Amino acid sequence: MPPNTFSSKLLYASGTVSFSAKDVAFGSFVLFYYTSVVGLQGSLAGAALFIAMVWDAVTDPVVGSFSDHLQSRWGRRHPLMAIGGIPLGICLFALFNVPADLSQWQIFAWMLVTCLLLRTFLTIFTVPYLALGAELSDDYLERSSIAGMRTIFGWISGITLGAIAWGVIFAGDGDTDARLISHNYFVFGATCFVVVAVFTTLSIIGTANRIPFLPKLGEDEHGFGVSKMFSDILVALKNFNFRIAFIVSLTIGLATGLNGALGTHMGAYFWELTTEQIFYQTVGTFIPIIVMMLGMGKLNEIVEKQNILKLCILVLTLNTLWLVPGRLLGILPDNGTEALFYIVIVQGYISAAVIIWFQTVSASFLAKHQSCCCPGRQASRHAACILRPALH
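These remarks concern the structure in this document.

Rules used throughout
Residues numbered from 1 in each chain as written. Predicted model: local features only at pLDDT ≥ 70, side-chain atom pairs only at ≥ 80, totals over all residues. Heavy atoms only, no water. Helix = DSSP H or I, 4+ residues; strand = E, 2+ residues; numbered from the N terminus. Buried < 20%, exposed > 50% of the residue type's maximum accessible area, 1.4 Å probe, protein only. Contact = heavy atoms within 4.5 Å. Areas by Shrake-Rupley, 256 points an atom, 1.4 Å probe, with all protein chains shown as cover. Core = buried A, V, L, I, M, F, W, Y, C linked by side-chain atoms within 4.5 Å. Salt bridge = Lys/Arg side-chain N within 4 Å of Asp/Glu carboxyl O. Phe/Tyr/Trp six-rings, centres within 6.5 Å; stacked < 30°, edge-to-face > 60°. Disulfide = S-S within 2.5 Å. 1 Å grid on protein atoms, 1.4 Å probe; cavity = no way out; pocket = protein on both sides within 12 Å on 5 of 7 lines; lining within 4 Å. Points joined across faces, edges and corners; volume = space filled by probe spheres on them. Nonpolar A, V, L, I, M, F, W, Y, C, P; charged D, E, K, R; others polar. Expected span 1.5 Å × (residues − 1). Bend = angle between axes of the 7 residues up to and from the residue. Axes fitted to C-alpha atoms, helices over the stretch in contact; angles between N-to-C directions. Parallel < 35°, antiparallel > 145°, perpendicular 65-115°, else oblique. Left-handed = near helix turned anticlockwise from the far one by under 90°.

On a plain count of helices and strands, the protein chain comes out with 17 helices and 0 strands. Among the 392 residues that make up the protein chain, the fraction classed as buried is 52%. A sequence separation of at least 24 residues applies to 84% of the contacts in the protein chain between residues at least 6 apart. Total accessible area on the protein chain stands at roughly 17500 Å², and carbon and sulfur atoms take up 70% of it.

Right, here's the structure in full:
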């Protein structure tokens, strides 16, 4: 297999904008929009998000197995990526454009159906997309490079979209809190649609020339069925390293997901941050990204990968435990002070750096062990469909 050029790696990595946009939307705005702007009860909004997450866990292995056994002139991954990209952007737009004068249950139905469709198209794009990343090269170091570029691109795109949201779309509007203006969410949804449609298309076109070199189906891998789907899942779960990676990723995913979903509520009502402060906080996240880009390679040479994962978990846990309790106990400075603002952003930057390191190493770690998981070096496809919901 010929090596990937830098431009081809970058074009592949651009596809990560699909779930970067989803992460920004759900991590900063969805829950706040539906409860504080649209007026949906928090219990109903939470129920809609929970049902969508359960649905995501069901569809991931189905799409993963279907992609594994798909036969077409465009390969196994690209057709599904093409089906999922633009509809995902449409769903993000619809999510932030609830029709006026709906009852509580009608708003709930709109949110639920939109979230279910969004999660479905996200799965259709990202499961084959992640599997494709491990198939673009048969060299471990190059796969690690691809995974690292994808992780960094995801963070950069997420921060950029967040900065545009807080610095432009939700910028202060006189005495009115811009977070409470419904039109701003229309603009944000439209922005999400554009970036998702553009970058998923770039990723598909930019990797199309690799289709002839991608792994082909084995003699016993033709056809798709429920039995094969469960067989694929069992193959991945038989690998001890993968089981550990899955459990750890699920735990971190739950913690960071909960933190992200309540982030805007915490910023607005607990820390009492302004939209301008949140903008600076968001833009400043480039600091840990730059630090990790410059130092991660050297760190990976010094520390064993298993120890890196343990270290990341330990630091992330300790860094999460002190901030909110410190404020509740009155140990930290008062709200509205610069000292508190800097404490909050530094704590966030430490967590961001650790998560970037964990995501990059876990992705390359998984690719390294793919030959142990199942014959024919196909573990990446089984692993991707199971690990993705844990990470996202």
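Let's shift gears to the nonpolar core. Grouped together as the largest cluster of nonpolar side chains are 66 residues, with contacts concentrated most on F29, V30, Y34, F96, M111, F170 and F188. Secondary-structure elements contributing two or more residues to this core are helix 1 (6-13), helix 2 (17-37), helix 3 (42-69), helix 4 (78-95), helix 5 (104-135), helix 6 (140-169), helix 7 (182-206) and helix 15 (338-368). Top element by residues in this core is helix 2. It accounts for 12 residues. One finds C312, I355, I356 and W357 within the second-largest nonpolar core, a separate group that totals 18 residues.

Taken as a whole and assessed by the stated rule, the structure comprises 4 salt bridges. Put simply, D23 and K22 hold a salt bridge, and the shortest N to O gap is 2.7 Å. For R119, the salt bridge is made with D56, and the minimal N-O distance between the two is 3.5 Å. Placement of the pair is R119 in helix 5 and D56 in helix 3, with a sequence separation of 63 residues. The burial state of R119 is the same as that of D56; both residues are buried. Put simply, R76, R77 and E135 are held in one network by salt bridges that share partners.

What follows deals with the packing of aromatic side chains. Per the stated rule, a full pass over the model turns up 21 aromatic pairs. The interplanar angle of 35 degrees and the centroid separation of 4.7 Å between the aromatic rings of Y33 and Y185 together place this pair among those described as tilted. With Y33 in helix 2 and Y185 in helix 7, this pair connects stretches of sequence that are 152 residues apart. Take Y33 and Y185: they sit in the same class, and that class is buried. Between F125 and Y129 the ring centres are 5.4 Å apart and the planes differ by 20 degrees, which places this aromatic pair in the stacked class. Of this pair, F125 and Y129 both sit in helix 5, separated by 4 residues, roughly a single helical turn. Each member of the pair F125 and Y129 is classed as buried.

With that settled, consider the state of the cysteines. A full pass over the atoms with the stated rule returns 0 disulfides. Free of any disulfide, C115 has its nearest cysteine sulfur in C91, 9.4 Å distant. Owing to a relative accessible area of 0%, C115 belongs among the buried residues under this scheme.

Roughly 420 Å³ of volume is contained in the second largest pocket. Lining the second largest pocket are 16 residues, with S144, S145, G297, N300 and T360 sitting closest to its centre. Listed by contribution, the elements that provide at least two residues to the lining of the second largest pocket are helix 6, helix 12 (286-302) and helix 15. Partitioned by chemical class, the residues of the lining of the second largest pocket number 8 nonpolar, 7 polar and 1 charged.

Turning to helix 12, a few remarks are in order. Between its terminal C-alpha atoms helix 12 stretches 24 Å, which fits the 24 Å expected from 17 residues at 1.5 Å a residue. Along helix 12, the sharpest change in direction is near 50 degrees and occurs at G295. Among the residues of helix 12, those classed as buried are P288, I289, M292 and M296.

The geometry of helix 4 relative to helix 5 is characterised by a closest axis approach of 8 Å and an angle of 150 degrees between their N-to-C directions. Judged by the angle between their axes, helix 4 and helix 5 are roughly antiparallel. Judged by the twist between their axes, the crossing of helix 4 over helix 5 is left-handed. Residue composition of the contact of helix 4 with helix 5, by class: 21 nonpolar, 4 polar and no charged.

A separate point is the packing of helix 6 against helix 12. Where helix 6 contacts helix 12, the axes come no closer than 10 Å and their chain directions differ by 165 degrees. The pairing of helix 6 with helix 12 is recorded here as roughly antiparallel in orientation. The chirality of how helix 6 crosses helix 12 is left-handed. Listed contacts from helix 12 to I152, W155, I156, I159 and T160 of helix 6 are F286, I289, M293 and M296.

Taken by themselves, the reported measurements are silent on function.
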